[in-house]
Amino acid sequence: MNETKPSSDRGKIAKYLDTVDQRAADLYKNIGDKSLDQPKLALSYLAALANALEELRVVEEEICRHNEVLQQARQELENERHRYQELFDFAPDGYLVTDIHGKIHDANRAAAELLNVPQKYLSSKVLTNFVPEEQRRVFRSLLLQLRSIDRIQEWEISLLARSKPRFEAAITVVTVKDSKGKVIALRWLIRDITARKQMEAQLHQIQLQNLELIEADRVKAQFIATMSHELRTPLNAILGFSSLLLRHVQRRFEPQQFTMIERIFENGRHLLSLIDDVLDFSKLRSHQLELQLETFDLANLVVTTVEELKPLGAKKNLDLQVHLVQDHILVVNDRNRVRQIIVNLLSNAIKFTDEGQILIEVDLMPRAHLTITVRDTGIGIAEADLTFIFQEFRQANQTMTRSHGGTGLGLAITKALTELIGGNISVESELGQGSTFIVELPCQVQLSTRKKL
Ligand code: ADP
């Protein structure tokens, strides 16, 4: 709508009226001055009168048109008001209009529902009455503040609905001012935030429990560290003495006694590796495992580790092969941890393979990465088990692995270690078709970029 039109129309109409008025005055003056016995003169006055009347008709038409425009504008305003009233009424949050003392003038349905008072009875009620006794003083001071500030945003307060438990609300108040800038009313938006508050309380509770769990984890890790230290000391003595007996005083024992000492030594070693696994796992879980980075030749590490494990493979007539992409592969990593990864994968391959071959390959990859692949021709892993073999204490085939021994921690530690040094591990396998474990590592581990587990 062109807003300047009515006022310019009004100017035009006033001008028309002025002209007609002027003509009528001239006519009146002329008629008063002259005698009317001359018919010619009378005719000319009549013609002037007819002209004036014609102009008046034009003015009348102009007024009618102007009236129509006004009617239309009024209708549009009414529609707009209706739209806003509907928005106000059906808004999901509570809306109120009060005077500056908090006396309610208007309330929408949501406000009536929130305060549990029928909409028509809310008018003239005082909002302060819905505020719990102990918060009223603060509420009144908020009302006073609103005379000098324009808006209060998301103020959290409890409200008392009629015959219902109190609820938590977030209130936003905006002032309504007259043309002189004096505050004449307040518009309130009231949102029930009970559910949000409950969620926040739950979240807080969960955070507290989380902290307690972290502390419990720390205490557990500490306990495991102390326990493994305490266990390791006598175990090392058992291992030391039994290996001494095996090596030096071998001839003094009957073969049966010798076998018993051998079993003491083997079981002791097994127990020690178990304690080491539990300790490592606990450290990895509580992020206490520190890496010792150094530059070393990975090719050399692979060859020597395979040599160490060859006797284990030889017991089962397994052929252990190494394929290296080049004779020397210099890397920056934690040598002992990389060795631990290789030992875990190789000893699993030997454990779960009864005949055939075990192959360990090292390849260089793009973006300064390399892969260590361990392939075996063993029992393989069913597809359903592939998803959880990396989880702690999970074993693919409980009866099978029970006969092979093991705790189900090896792969969990291997995965956690691999990720700690910024790499990842994957497996391809099929039941009865052997397994392939692929470890991808960066050639140079940087402490700042390694992943937090
Ligand atoms: P553990 O060997 O002590 O049982 P791991 O975490 O090292 O625990 O391995 C978890 C399970 O994954 C094993 O129990 C076994 O079922 C399966 N697994 C691991 N490596 C192989 C492999 N090379 N061939 C077949 N199964 C394997």
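Residues numbered from 1 in each chain as written. Predicted model: local features only at pLDDT ≥ 70, side-chain atom pairs only at ≥ 80, totals over all residues. Heavy atoms only, no water.

**Concerning the packing of helix α9 (residues 335-351) against helix α12 (residues 410-420)**
- Closest axis-to-axis distance for the α9/α12 pair is 10 Å, and the angle between their directions is 145°. The crossing of α9 and α12 is left-handed. Between α9 and α12, the contacting residues are R337, Q340, I341, N344, L345 and N348 on the first element and G410, L411, I413, T414, L417 and T418 on the second.
- Looking at the contact of α9 with α12 residue by residue, the classes come out as five nonpolar, six polar and one charged. (Axes fitted to C-alpha atoms, helices over the stretch in contact; angles between N-to-C directions. Helix = DSSP H or I, 4+ residues; strand = E, 2+ residues; numbered from the N terminus. Left-handed = near helix turned anticlockwise from the far one by under 90°. Contact = heavy atoms within 4.5 Å. Nonpolar A, V, L, I, M, F, W, Y, C, P; charged D, E, K, R; others polar.)

**A word on the packing of helix α8 (residues 298-314) against α9**
- The N-to-C vectors of α8 and α9 enclose an angle of 35°; their axes lie 10 Å apart at closest approach. The interaxial crossing formed by α8 with α9 has right-handed handedness. Residues L298, N300, L301, V302, T305, V306, E308, L309, L312 and G313 of α8 form the contact with α9, whose participating residues are R335, V338, R339, I342, V343, L346, S347 and I350.
- Broken down by class, the residue content of the contact of α8 with α9 amounts to 11 nonpolar, four polar and three charged.

**A word on the packing of aromatic side chains**
- Under the criterion given, the structure shown has four aromatic pairs.
- Residues F88 and Y95 carry aromatic rings whose centres are separated by 6.2 Å and whose planes lie at 35° to one another, so their mutual orientation is tilted.
- You can call F88 buried: its relative accessible area is 15%.
- A relative accessible area of 29% places Y95 in the partly exposed class.
- With a centroid separation of 5.7 Å and an interplanar angle of 25°, the aromatic rings of F139 and W188 are classed as stacked. (Phe/Tyr/Trp six-rings, centres within 6.5 Å; stacked < 30°, edge-to-face > 60°. Buried < 20%, exposed > 50% of the residue type's maximum accessible area, 1.4 Å probe, protein only.)

**Quick word on the pairing of strand β5 (residues 183-192)**
- Examined bridge by bridge, strand β1 (residues 94-98) and β5 share five bridges and lie antiparallel to one another. Residue pairing for β5: G94 is matched across the bridge by I190.
- Sheet topology note: the strand β4 (residues 167-177)/β5 ladder contains nine bridges and is antiparallel. Considered in β5, the bridge of V176 is made with A185.
- Hairpin geometry of β4 and β5 is characterised by an intervening segment of five residues between the two adjacent antiparallel strands and by a positive phi of about 85° at G181. (Pairing = 2+ DSSP bridges.)

**Thoughts on the sheet that holds β4**
- The strand order β2-β1-β5-β4-β3 describes an open sheet built from five strands, whose pairing is antiparallel. In this open sheet, the two edge strands, each paired with only one partner strand, are β2 (104-107) and β3 (151-159). Going across the sheet, the axis of each strand differs from the next one's by a mean of 25°, ignoring polarity.
- For β1 and β2, the ladder comprises three bridges, and the chain directions are antiparallel. Within β2, the position partnered with T98 by the bridge is I104.
- Contacting β3 and β5, helix α5 (residues 136-145) runs over the sheet at an angle of about 165° to β3.

**Notes on the domain arrangement of the chain**
- Taken domain by domain, the chain comprises domain 1 (6-88), domain 2 (91-192), domain 3 (198-285) and domain 4 (293-442).
- Taking only C-alpha atoms into account, the centre of domain 2 sits 69 Å from that of domain 4. (Domains from an automatic or database assignment.)

**A look at the nonpolar core**
- Ranked by size, the top nonpolar core spans 47 residues in total, and within it L298, I372 and F437 carry the most contacts.
- Looking at this core, the elements that each hand over two or more residues are α7 (255-285), α8, α9, β9 (357-365), β10 (369-376), α12, β11 (424-429) and β12 (435-442).
- For this core, the element with the highest residue contribution is α9, accounting for seven residues.
- Discounting residues that sit within four places of it in the chain, L298 has contacts with I329, V331, V338, V362, L370 and I372.
- Within the second largest apolar cluster, 29 residues are counted, among which are I157, V183, L186 and W188. (Core = buried A, V, L, I, M, F, W, Y, C linked by side-chain atoms within 4.5 Å.)

**Concerning the layout of surface pockets**
- Taken as a whole, the second largest pocket spans an internal volume of roughly 270 Å³.
- Contributing to the lining of the second largest pocket are 14 residues, with F88, Y95, V97, R187 and W188 lying nearest its centre.
- No other element matches helix α2 (residues 39-90), which puts four residues into the lining of the second largest pocket.
- Within the lining of the second largest pocket, the residues separate by chemical class into nine nonpolar, two polar and three charged.
- Here the lining of the second largest pocket gathers at least three residues from each of two domains, domain 1 (6-88) and domain 2 (91-192). (1 Å grid on protein atoms, 1.4 Å probe; cavity = no way out; pocket = protein on both sides within 12 Å on 5 of 7 lines; lining within 4 Å. Points joined across faces, edges and corners; volume = space filled by probe spheres on them.)

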